[in-house]
Amino acid sequence: MEKTGWDFIIAGGGPAGLAAAITAGRRGAKCIVVEKGKTPGPEPRGESIAPYPFMDELLGKEWLKNNSSNDPSFRRFHSPLDKKNTLINVHKPYYFFHWEKLITHMTRLATETGAEFLLESEVTGLIEKENRCLGVQYKASDNSTHELLGTTVLGCMGHNDTLGSRFGIEREDIDCPTIKYFSRNAPKINLETHPNLQFYMIPSGMLEIAPDLPPAVAYVFPLVNGEMEAGLMLRLGPLKDLKGIKIPDEEKMMAVWDFLTTSYPGFSDFFHGAETTYKKLTVISNRKLFERVIPHQSGGLIFMGDTIGFSEANGSSGLYFGMAQAAFWVDKLMERGGPGGNPWSEPVIPALMREYHRWDVYKYIKKSYRDIVLAEKFMFKILGSNKKLNRWWKPIMALLQMSS
Ligand SMILES: Cc1cc2nc3c(=O)[nH]c(=O)nc-3n(C[C@H](O)[C@H](O)[C@H](O)COP(=O)(O)OP(=O)(O)OC[C@H]3O[C@@H](n4cnc5c(N)ncnc54)[C@H](O)[C@@H]3O)c2cc1C
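Description of the structure in this document. Numbering of residues starts from 1 in each chain and follows the order in which that chain's sequence is written. Predicted model: local features are reported for residues with pLDDT of at least 70 only, side-chain atom pairs are reported and counted for 80 or more only, and whole-chain, interface and lining totals are derived from all residues. The side-chain values count all of the structure's non-hydrogen atoms but skip hydrogen atoms and water molecules.

**Thoughts on the overall build of the protein chain**
Part 1 of the reasoning: Per the secondary structure count, the protein chain includes 10 helices and 16 strands.
Part 2 of the reasoning: The globule rule used here is 2.2 Å times the number of residues to the 0.38 power, and the radius of gyration it is set against is calculated over C-alpha atoms. Here the C-alpha atoms of the protein chain give a radius of gyration of 22 Å, agreeing with the 22 Å that 2.2 N^0.38 yields for 404 residues.
Part 3 of the reasoning: Judged by the C-alpha coordinates and their principal axes, the protein chain covers about 60 × 45 × 40 Å.
Part 4 of the reasoning: Expressed as a percentage of the 404 residues in the protein chain, the buried residues total 56%.
Part 5 of the reasoning: For the protein chain, long-range pairs separated by at least 24 residues make up 72% of all intrachain contacts whose partners lie at least 6 apart in sequence.
Part 6 of the reasoning: This count recognises Lys and Arg as positive and Asp and Glu as negative, with His and chain-terminal groups excluded. We put the charge of a Lys on NZ, of an Arg on CZ, of an Asp on CG and of a Glu on CD. In the protein chain, 48 side chains carry a positive charge and 46 a negative one; their mean positions are 7 Å apart. For helices the rule is a DSSP run of H or I covering at least 4 residues; for strands it is a run of E covering at least 2, with both sets numbered from the N terminus onward. Only protein chains enter the area calculation, which uses a 1.4 Å probe; residues under 20% of their type maximum are buried, those over 50% are exposed, and those in between are partly exposed. Contacts are residue-level and defined by heavy atoms, with any inter-residue pair within 4.5 Å sufficient.

**Topic: unusual backbone geometry**
Part 1 of the reasoning: Positive phi, normally seen in glycine, also occurs at Glu120, with a value near 50°.
Part 2 of the reasoning: Position of Glu120 relative to the elements: it lies in the loop between strand E7 (116–118) and strand E8 (122–129).
Part 3 of the reasoning: We note that Asn185 has phi near 55°; this positive angle belongs to a residue other than glycine.
Part 4 of the reasoning: With respect to the helices, strands and loops of the structure, Asn185 is situated in the loop between strand E11 (175–184) and strand E12 (197–202).

**Comments concerning the sheet that holds E12**
Part 1 of the reasoning: Pairing within the open sheet is mixed, and its 7 strands lie in the order E5-E4-E12-E13-E14-E11-E15. Lying at the two open borders of the sheet, with one neighbouring strand each, are strand E5 (85–89) and strand E15 (275–285). Each strand of the sheet is rotated relative to its neighbour by a mean of 20°, with strand direction disregarded.
Part 2 of the reasoning: Alignment of E11 against strand E14 (residues 228–234), held across 6 bridges, turns out to be antiparallel. Counterpart to Ser183 in the pairing with E14 is Met228. The rule for pairing is simple: two strands pair if DSSP sees at least two bridges between them. Lines fitted to C-alpha atoms define the axes, with helix axes restricted to the stretch in contact, and inter-axis angles between N-to-C directions lie between 0 and 180 degrees.

**Details of the site of the ligand**
Part 1 of the reasoning: Residues in close proximity to the ligand total 34 residues, the closest being Glu35, Gly46, Ser48, Val123 and Asp306.
Part 2 of the reasoning: N or O atoms closer than or at 3.5 Å make up a polar contact, with two conditions inside protein: a donor-capable atom paired with an acceptor-capable one, and, for residues adjacent in sequence, both atoms drawn from side chains. A distance of 3.3 Å separates an oxygen atom of the ligand from a polar atom in the backbone of Gly41.
Part 3 of the reasoning: Within the backbone of Leu319, one N or O atom sits 2.9 Å away from an oxygen atom of the ligand.
Part 4 of the reasoning: Listing elements by their share of the shell around the ligand, those giving two or more residues are helix H1 (15–26), E8, E11, E15 and helix H6 (318–337).
Part 5 of the reasoning: Ranked by residues supplied to the shell around the ligand, first place goes to E15 with 3 residues.
Part 6 of the reasoning: Under the scheme applied, nonpolar residues are Ala, Val, Leu, Ile, Met, Phe, Trp, Tyr, Cys and Pro; charged residues are Asp, Glu, Lys and Arg; polar residues are all the others, including Gly. Here the shell around the ligand is built from residues that sort into 12 nonpolar, 15 polar and 7 charged.
Part 7 of the reasoning: Bear in mind that the domain bounds are from an automatic or database domain assignment. Counting contributing residues per domain, the shell around the ligand is built from domain 1 (6–44 + 99–171 + 288–358) and domain 2 (64–97 + 175–286 + 387–403), each supplying no fewer than three. Any residue with a heavy atom lying within 4 Å of a molecule or strand is counted as near it.

These values are about where atoms sit, not about what they do.
Take a look at the structure:
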């Protein structure tokens with residue numbers, strides 16, 4: 001493996017990093033993915049994507065459709081204590097697939113385009129000169145330290161990113177604690193009778209077991225053969241100034257989860273008799289979007305994907321946002337530099353940032369953030385309580401249906 005001369009050094013081989021590698025390879029660029037896991041994307045995260053045309057371009061026509069294990073367009077929202085529920089049509093299918101299948105497919109596509117992989121190699125720092133990023137330092141599995149030099153480093157390390165804090169990326173401004181759960185043989189999971197996604201709204205203050213829990217949404221996603229994905233997402237985005245809430249530690253989150261899956265009206269029904277196969281506390285990047293994505297004055301490094309956060313009403317488009325950002329930046333740099341060229345040789349950052357800010361996906365993420373902050377402020381702060389949310393349930397759901 002060469003130490004220098006890379007067009008792209010991709011730090012992190014999750015969905016964003018792999019999308020960058022596929023796009024760069026297809027444009028004839030020389031790129032290497034540095035991934036700390038034994039395989040790319042070692043930790044399962046999001047497993048559903050809406051059918052954005054970009055996904056067909058990246059993954060192959062109808063790959064998502066042909067590899068999905070459910071594709072519902074409807075979501076059932078449940079009011080606090082499941083007193084009311086409403087079915088909303090989001091007018092597009094959400095394709096559910098297994099994480100490993102997506103990552104394996106993307107790794108194969110990237111390898112076919114000529115991308116190289118450096119596995120079990122943890123990016124630990126940057127190589128910089130005169131306000132320009134020139135490469136990365138990484139630690140191999142035997143603890144030896146090495147350097148890689150190239151034209152552009154793409155920061156795709158997700159919520160584990162350790163490079164961004166120096167440039168002002170504060171993870172607590174971006175991430176929301178989330179439990180990811182999987183089970184099989186769940187008696188109530190039957191796509192014939194229950195094909196739709198289920199969302200349970202839990203305002204702050206309504207659970208005796210954790211009265212200071214921030215507002216949360218618990219969800220169940222039914223899959224084929226009695227499998228289900230489920231989880232609990234805290235909703236911290238709009239609630240900076242809400243008094244009396246406390247971000248729980250792992251023990252508390254798990255205690256809340258155990259309570260919800262055994263005793264919460266409606267929600268717990270899905271878990272009776274189900275065999276747990278995965279349960280982990282992680283975070284979902286679902287708050288503020290970090291803006292200074294090219295931190296050096298003379299370029300050389302761009303942050304993207306979960307590293308910079310996103311916010312979307314359903315908390316479920318991070319995969320698309322991250323992959324689309326990766327393709328966007330690779331395309332922009334290749335337009336300016338081409339394989340072996342140097343897009344940073346002249347002052348391009350203001351022009352690149354203008355293009356980024358005019359880009360539809362960027363504008364969508366920003367708008368979505370404003371909308372979700374407003375909607376959740378209304379639901380979880382202005383109404384706030386279990387009783388008020390139940391009283392106002394119909395107009396809230398009418399608004400949700402209108403905006404879907
Ligand atoms: C429970 C849950 C459910 C979700 N559901 C959905 C959904 O349904 N749909 C959707 O679109 N999105 C969903 N998301 C969000 C989606 O998973 C993320 O937005 C997406 O995975 C972000 O991709 P990424 O490549 O930016 O980061 P990641 O997926 O976090 O990948 C980062 C990669 O970098 C590697 N890495 C980290 N640090 C280093 C280092 N120092 N050196 C080298 N490598 C490193 C990691 O091992 C990993 O492979 C969900 C997230 C969670 C947690």
